[in-house]
Amino acid sequence: MHNFNYHRPNNVADAVTALGGAGDGKIIAGGMTLVPTLKQRLAAPSDLIDLNGIADLKGIKAESDGITIGAMTRHAEVAASSLVKSAIPALAELAELIGDRQVRNRGTIGGSLANNDPAADYPAAILGLGATVRTNKREIAADDFFQGLFETALEEGEIITAVHFPKPEKAAYRKFAQPASRFALIGVFVAKTKGGIRVAVTGGGNGVFRATDIETALAANFTPAAAKGVKLDPADFNGDLHGTPEYRAALVSTMAARAVEAC
Amino acid sequence: MPTVRMTVNGRAVSGEIEARTLLVHFLRNQLGLTGTHVGCDTSQCGACVVHVDGTSIKSCTLLAIQAEGAEVTTIEGLATGDELHPMQAAFREHHGLQCGFCTPGMVMSAVDLVKTNPDPSEQQIREGLEGNICRCTGYHNIVKAVKAGAKAMNAGAMKG
Ligand SMILES: Cc1cc2nc3c(=O)[nH]c(=O)nc-3n(C[C@H](O)[C@H](O)[C@H](O)COP(=O)(O)OP(=O)(O)OC[C@H]3O[C@@H](n4cnc5c(N)ncnc54)[C@H](O)[C@@H]3O)c2cc1C
Ligand code: FES
Ligand code: FES
């Protein structure tokens, strides 16, 4: 790991200033993705701006139509939160499935979203629930936030401050974990929301996406069999030693059916 | 170089470090606390698990400078004098180790698990130790040890 200057601001404004003033600054949240990246020298920022000292970015609160989770809230806090468990139990269950206990004790929702790993869990919930990502500059709808492999709508120097989740009528997440990494080989988030049925898929290869064919089938008939009956095109999926594109495509229908069953 | 201050096993410590120094390297190289191991250095094996402000974390994935002001407990801080912590004693009693390389991390993770779940089932123990990899034991005796350690920790807590 190359050395860097370290900053620990205690409010968002100072973090933005530190980021702007740095030659090649990078934010550190839980560090669960960034520190391994720095060790491999895949990134070598001049400055690290640590968000761990910013109290405003932490915590979970109820908001009229749902809940708002601060960007620096750890996976373990979301998994254990009685507020999340009562408003959107599927979200607490999803957080409990991320990595391992120590990763959940440090990793944050903001870091997971900003990173947008194609096999990460939270992106499926954000997109599946039609959540809104709040930053220091604006609000971004989930449908506009994720832009493919590790790409998001975030601009240079933009910091995620919170995520707002509207409460769905029903929702469930089912993940087929890759047994070594615990990341999703395929994870499917199904939600019945005010705006209709949303089905978000992670682990497919090119970043989280909505399975519109399954959404249409479920809108007509909200049953596991309806989800299971949809065949997705393997050409849209990645293949690797853990699973062929055909296997991943088939898993989506299966996991979607299990999620519907759990709704 | 920045100076970092923290409490390690109840003792106030400080040291000059580079910003990039990992907590595990500060503990091992600067404080000489070599009970905390580095197994993978890629955040996967859990040999480096310590407690920071009461929760278990991987000390190979935390910068020492991020632990400024924190309360850190390492495997060296568990025993009371010559008396092993109940979880350590349970690992010895139930042969929860072979080479012992993963053991400090296993014990630290297990103690943290029992703090939030005083009576974990076998399944919950296996899930709770997801982040700890052992190359030797096949995990059976580790799970037995954690079950017994949990019981002993609860009995100790009841005695006050
Ligand atoms: C062993 C292991 C297993 C894992 N398993 C899983 C799994 O099963 N499922 C899963 O989803 N994830 C998994 N992860 C990843 C984990 O969830 C990470 O915590 C997460 O991806 C990144 O969050 P972080 O807070 O650690 O961010 P960091 O590593 O600190 O940052 C990641 C990136 O996001 C940027 N960033 C962070 N916060 C913000 C913000 N508020 N605004 C703008 N940019 C920001 C950083 O600059 C950096 O580029 C695993 C990680 C490990 C080490
Ligand atoms: S050395 Fe830290 S997880 Fe392996
Ligand atoms: S006892 Fe050897 S690695 Fe676990």
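What counts and what doesn't
Residues numbered from 1 in each chain as written. Chains lettered and ligands numbered in written order. Predicted model: local features only at pLDDT ≥ 70, side-chain atom pairs only at ≥ 80, totals over all residues. Heavy atoms only, no water. Axes fitted to C-alpha atoms, helices over the stretch in contact; angles between N-to-C directions. Helix = DSSP H or I, 4+ residues; strand = E, 2+ residues; numbered from the N terminus. Parallel < 35°, antiparallel > 145°, perpendicular 65-115°, else oblique. Left-handed = near helix turned anticlockwise from the far one by under 90°. Contact = heavy atoms within 4.5 Å. Nonpolar A, V, L, I, M, F, W, Y, C, P; charged D, E, K, R; others polar. Phe/Tyr/Trp six-rings, centres within 6.5 Å; stacked < 30°, edge-to-face > 60°. Lys NZ or Arg CZ within 6 Å of the ring centre and 35° of its normal. Near = heavy atom within 4 Å. Polar contact = N/O pair within 3.5 Å; in protein donor to acceptor, adjacent residues only side chain to side chain. Areas by Shrake-Rupley, 256 points an atom, 1.4 Å probe, with all protein chains shown as cover. Salt bridge = Lys/Arg side-chain N within 4 Å of Asp/Glu carboxyl O. Buried < 20%, exposed > 50% of the residue type's maximum accessible area, 1.4 Å probe, protein only. Domains from an automatic or database assignment. Buried area = accessible area lost by both parts, 1.4 Å probe.

Chemist: Go over the packing of helix 2 (residues 86–93) of chain B against helix 3 (residues 103–116) of chain B, please, and point to the residues and values.
Modeler: Any two packed helices are characterised by the angle at which their axes cross and by the distance between the axes. Residue and element names in this part refer to chain B. As a packed pair, helix 2 and helix 3 sit with axes 10 Å apart at the nearest point and diverge in direction by 125°. In this view, helix 2 runs oblique relative to helix 3, as classed from their interaxial angle. As for the relative orientation of helix 2 and helix 3, their crossing is right-handed in sense. Along its contact with helix 2, which presents Met87, Gln88 and Phe91, the element helix 3 presents Thr103, Met106, Val107, Ala110, Val111 and Val114. Here the residues of the contact of helix 2 with helix 3 are counted per class, giving 7 nonpolar, 2 polar and no charged.

Chemist: Describe in detail the packing of aromatic side chains, supporting the description with residues and values.
Modeler: On inspection of all chains with the given rule, the structure shows 4 aromatic pairs over all chains. The ring of Phe222(A) carries the charged tip of Lys192(A) above its face, separated from the ring centre by 4.6 Å.

Chemist: Go over the site of ligand 1, please, and point to the residues and values.
Modeler: Near ligand 1 lie 31 residues; those nearest to it are Ile27(A), Gly31(A), Leu34(A), Thr108(A) and Asp121(A). Ligand 1 sits at a junction of chains, with neighbouring residues supplied by chains A and B. For ligand 1, an oxygen atom lies 2.7 Å from a polar atom in the backbone of Gly31(A). Residue Lys175(A) places a side-chain N or O atom 3.3 Å away from an oxygen atom belonging to ligand 1. Burial of ligand 1 by the protein amounts to 93% of the accessible area it has alone, namely 970 Å². When residues of the shell around ligand 1 are traced back to their parent elements, those giving at least two are strand 2 (25–28) and helix 7 (109–115) of chain A.

Chemist: Can you lay out the environment of Val188(A) for me, pointing to particular residues and giving the numbers?
Modeler: Residues and elements named next belong to chain A. Position of Val188 relative to the elements: it lies in strand 10 (residues 184–193). Separated by 72 residues in sequence, Val188 and Val260 have C-alpha atoms that sit 9.9 Å apart. For Val188, the contacting residues outside a window of four places in its chain are Ala172, Tyr173, Arg174, Val199, Ala200, Val201, Val252, Met255, Ala256 and Ala259.

Chemist: Which residues make up the pattern of salt bridges, and what values do they have?
Modeler: Residues and elements named next belong to chain A. One pass over the structure, following the stated rule, counts 19 salt bridges over all chains. Across the salt bridge formed by Arg138 and Glu158, the nearest N and O atoms sit 2.8 Å from each other. Taken together, the positions of Arg138 in the loop between strand 6 (132–135) and strand 7 (139–141) and Glu158 in the loop between helix 9 (142–145) and strand 8 (160–166) put the pair 20 residues apart, joining distant regions of the chain. Overall, Arg138 belongs to the partly exposed group, its relative accessible area being 32%. Glu158 gets classed as buried once you look at its relative accessible area, which sits at 5%. A salt bridge links Asp240 to Arg248, with the shortest nitrogen-to-oxygen separation between them at 3.2 Å. The structure contains a network of salt bridges with shared partners spanning Lys137, Arg138, Glu155 and Glu158.

Chemist: Explain the domain arrangement of chain B to me, using residue names and the numbers behind them.
Modeler: Residues and elements named next belong to chain B. The domain architecture assigned to chain B consists of domain 1 (3–77) and domain 2 (86–159). On a C-alpha basis, the centroid separation for the pair domain 1 and domain 2 is 21 Å. The partner domain 2 presents 14 residues to the 17 residues of domain 1 that form the contact. Both sides of the domain 1 and domain 2 interface together cover about 1200 Å² of buried area, and 58% of this is carbon and sulfur. Of all residues in domain 1, the largest losses of buried area upon contact with domain 2 belong to His37, His51 and Ile75, amounting jointly to 41% of the total for that side. One can count 0 salt bridges joining domain 1 with domain 2.

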